[in-house]
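So the chains spell out like this:
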Amino acid sequence: MKRPPRVVIVGAAGRLGQALESRFSRENTVTGLARPLIDLSCAQSIRDALEPLDFDHLILPAAMTAVDLCETHEDQAYAINAYAPRLIAEICGSKKAHMTHVSTDFVFDGKKAGFYTEADKPRPVSVYGASKLEGEEHVLATSPHNLVVRISWLYGPGKPAFPEWITGQACAEAELWLPADKTGSPTCSVDTAELLEPLIFGSEGAPAGGLFHLCNSGSCTWQEWGQACIDLAREAGAPIRAGRIAANALADIAAMTAKRPPNSAMSNAKYVSYTGITPRSWEEALAAHFATSGFLGKSLIAA
Ligand SMILES: NC(=O)C1=CN([C@@H]2O[C@H](COP(=O)(O)OP(=O)(O)OC[C@H]3O[C@@H](n4cnc5c(N)ncnc54)[C@H](OP(=O)(O)O)[C@@H]3O)[C@@H](O)[C@H]2O)C=CC1
Ligand SMILES: Cc1cn([C@H]2C[C@H](O)[C@@H](COP(=O)(O)OP(=O)(O)O[C@H]3O[C@@H](C)C(=O)[C@@H](O)[C@H]3O)O2)c(=O)[nH]c1=O
């Protein structure tokens, strides 16, 4: 009998890492690594954790994701987001293992009108975006058979994100504002993990290589995303005080010291053409999240 593929997930405790471990454990032998077993800012720690392992695929969702913190901790951001992926790609190469690296819509400057494709030139406007782009380049330069998937505006059941944050705000405050000048494609971690499977295992068993955009279909502004969240929360019985969320501008949010792309909506056309699968819309995925993730109880406790 053929043995199941052996998959290593580096960053298994994160938002996406949890969804990946849960999904890929169904049909594969999964080893999930997280701190303190592996520290991506230390090359020796990466070697000590990965070199003893035998595996066929490695997925790297771990990253320094605090966008504003990256601006003031540039060396750390590059160590984790650019140099660690390079070393991990080299180790995968030495083991003849396929690597999937997870990247971001923040590699774009956000000036394009419409959906970004894989052919659009990245021009990051933050240290986070630039360090992630360098990570992508190292992984694909090490082997063109490696896979880089860019995802965006991620949320999911394992760890609170924007939907939980805005629900908490809407329970506490009657008046809320969110930027109407920032557009993107909200994406659920559960969907990302499910959609990744056919790329990694392919129809003939050969993993995809190169760059793919992978998000829930469609796009919205931050204001529209927030409104959809609180409407779903209200339907689910949360004590929402806010009604319509008013529009403000990204520049009004003083805490956001890093620049963000005004538009980073991404096209799934390459993914759809490769797999024949169309990711469900961001609205459907968000409704499923509110229906299933048990967020309501946690939000009520937090509010
Ligand atoms: N969140 C988002 O909206 C988006 C994310 N992405 C990309 O998707 C991927 C997954 O994001 P997400 O799941 O939200 O991220 P999380 O922040 O939830 O998870 C990242 C994980 O990386 C781990 N990590 C950070 N620094 C180190 C380190 N020095 N050594 C070892 N592990 C470390 C964290 O560990 P610990 O738990 O110990 O802190 C955490 O578990 C990332 O590559 C991110 O760049 C792309 C677009 C949108
Ligand atoms: C929208 C908003 C958020 N916040 C807070 C909520 C949250 O704690 C913090 C940052 O919000 P977000 O995480 O939603 O925003 P942001 O850091 O821009 O999220 C990004 O993360 C990286 C990793 C990516 O790759 C991107 O795709 C994107 O999802 O700012 C405000 O204080 N005011 C606001 O109006």
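Computed from a prediction, not measured in an experiment: that's the story for all the values here.

With that settled, the discussion passes to the site of ligand 1. Neighbouring residues of ligand 1: 25 residues in total, closest Arg15, Leu16, Thr65, Tyr128 and Lys132. Here a nitrogen atom of ligand 1 sits 2.8 Å away from a polar atom, N or O, in the main chain of Leu40. Residue Thr65 places a side-chain N or O atom 2.7 Å away from an oxygen atom belonging to ligand 1. For ligand 1, whose unbound accessible area comes to 890 Å², protein coverage reaches 85%. Elements that contribute at least two residues to the shell around ligand 1 include exactly helix H1 (15–24), strand E4 (98–104) and helix H5 (127–142). Among the elements that take part in the shell around ligand 1, E4 stands out by supplying three residues, more than any other.

Of all residues adjacent to ligand 2, which total 15 residues, the nearest are Thr104, Asp105, Tyr128, Ile253 and Arg260. At 2.8 Å, a side-chain N or O of Thr104 approaches an oxygen atom of ligand 2. Taking Tyr128, its side chain carries an N or O atom lying 2.8 Å from an oxygen atom of ligand 2. Protein contacts shield 71% of the accessible area of ligand 2, which totals 710 Å² for the unbound molecule.

Before going further, it helps to examine H5. Helix length check: H5, at 16 residues, gives a terminal C-alpha distance of 23 Å against a target of 22 Å (1.5 Å per residue), a fit within 8%. All of the buried residues along H5 are Val127, Tyr128, Gly129, Ser131, Lys132, Leu133, Gly135, Glu136, His138 and Val139. For H5, the secondary structure elements touched by its buried residues are helix H3 (67–72), helix H4 (74–94), E4, strand E5 (147–151) and strand E10 (210–213).

About the thresholds
Counting restarts for each chain, with residues numbered from 1 along the sequence as it is written. Labels are handed out in written order, letters beginning with A for the chains and numbers beginning with 1 for the ligands. Totals for whole chains, interfaces and linings use every residue, but because this is a predicted model, local features are given only for residues with pLDDT of at least 70 and side-chain atom pairs only at 80 or more, for both listing and counting. Here the side-chain values reflect all heavy atoms present in the structure, with hydrogen atoms and water set aside. A cutoff of 4 Å decides nearness: a residue is near a molecule or strand if any of its heavy atoms lies inside that distance of it. Pairing of N or O atoms within 3.5 Å defines a polar contact, subject to two protein rules: one partner must be a possible hydrogen donor and the other a possible acceptor, and residues neighboring in sequence count only if both atoms are side-chain atoms. Using a 1.4 Å probe, accessible areas were evaluated by the Shrake-Rupley method; residue-level cover was limited to the displayed protein chains. Put simply, DSSP marks the helices as runs of H or I at least four residues long and the strands as runs of E at least two long, and each gets a number from the N terminus on. To estimate how far a helix should reach, multiply one less than its number of residues by 1.5 Å. Residue exposure (1.4 Å probe, protein chains only): buried if accessible area is under 20% of the type maximum, exposed if over 50%, otherwise partly exposed. By the convention used here, residues are in contact when the closest approach between their heavy atoms is within 4.5 Å.

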